[in-house]
Structure formats: structure tokens, C-alpha cells
Amino acid sequence: QVQLVESGGGLVQPGGSLRLSCAASGIASGVVFSFYDMGWHRQAPGKQREVVAVITGGHITNYTDSVKGRFTISRDNLRRTALLQMNNLKPEDTAVYYCNVRRTSLRADYWGQGTQVTVSS
């Protein structure tokens, strides 16, 4: 059974930083895990869930425009972890952040339970 556990959320002032971590289990590490894309999504109150950043097993990254230059996604295929370093946080970044692991060819799509990020003075 695949499980994703996020950590690192919290309350931070505008301009501050947070680092989110996602640890996956139930998928073999290394080469097998590298076939899965990892991503971070977020959902603010009253809004639809949106993709924030995605990283392929080959470490190709893609970001939504609003976080480019401020957020950095990374992963470790041996440890089966993904990080989201968030700098210069803004109040509009406030949301529940979800880790996602997927492999389209297998129709595999897994989600974590979410971690709250609140940016407020």
C-alpha cells in the first residue's frame, strides 16, 4: 500500500520561508521510484486545488507562474522523498499543500493527507 506523509507546514510571516517534505512508502526505491512523477499541489479555502510544482524522476521541474523564482522542488529517488523549499512567502500562498506521486502509464495516482501553510503577519 502506497502512503505519502507530508511535514513542514506552519505559520510564517510574509517574506519568510518554509520547507515541506514528503516521504513515500510502498514503492520500491531507486530506479523503480524514478518512473514516478512527484508534485506539490495546494488548495486555498473556496478555491480549486492547483498544481504548484512537479518534478520527474529525471529531475525535470515545472512550476506554476505564481511561484517561479520563489519555490524549488527537489527529490531523492533512493530515499523516496520530495522537498518543496518555499521562500519569500506571500499571504496568497496560504493553503493546504498536498504531495502527489503518479505514474500515468500504470494509472497510479497517490496523495498525501495535506499540510497547512499559513502566511500572515
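Placed above this text is the structure.
Quick notes on the rules
Residues numbered from 1 in each chain as written. Predicted model: local features only at pLDDT ≥ 70, side-chain atom pairs only at ≥ 80, totals over all residues. Heavy atoms only, no water. Phe/Tyr/Trp six-rings, centres within 6.5 Å; stacked < 30°, edge-to-face > 60°. Buried < 20%, exposed > 50% of the residue type's maximum accessible area, 1.4 Å probe, protein only. Lys NZ or Arg CZ within 6 Å of the ring centre and 35° of its normal. Salt bridge = Lys/Arg side-chain N within 4 Å of Asp/Glu carboxyl O.

Evaluation of the coordinates by the stated rule reveals 1 aromatic pair. Ring centres of Phe33 and Tyr36 lie 6.2 Å apart, and the angle between their planes is 20°; this geometry places the pair in the stacked category. Across the pair, exposure class does not vary: Phe33 and Tyr36 are buried alike. In this structure, Arg49 is placed above the aromatic ring of Tyr98, and the distance from its NZ or CZ to the ring centre is 3.7 Å.

Moving on, we come to the pattern of salt bridges. Using the criterion set out here, one finds 6 salt bridges in the structure. The closest approach of N and O atoms between Asp76 and Arg79, which form a salt bridge, is 3.9 Å. Since its relative accessible area comes to 27%, Asp76 is described here as partly exposed. Since its relative accessible area comes to 65%, Arg79 is described here as exposed. Close ionic contact of Asp109 with Arg102 constitutes a salt bridge, the shortest N to O distance being 3.5 Å. Asp109 sits in the partly exposed class, given a relative accessible area of 40%. Beyond isolated ion pairs, a larger network of salt bridges with shared partners links Arg42, Glu50, Arg70 and Asp93.

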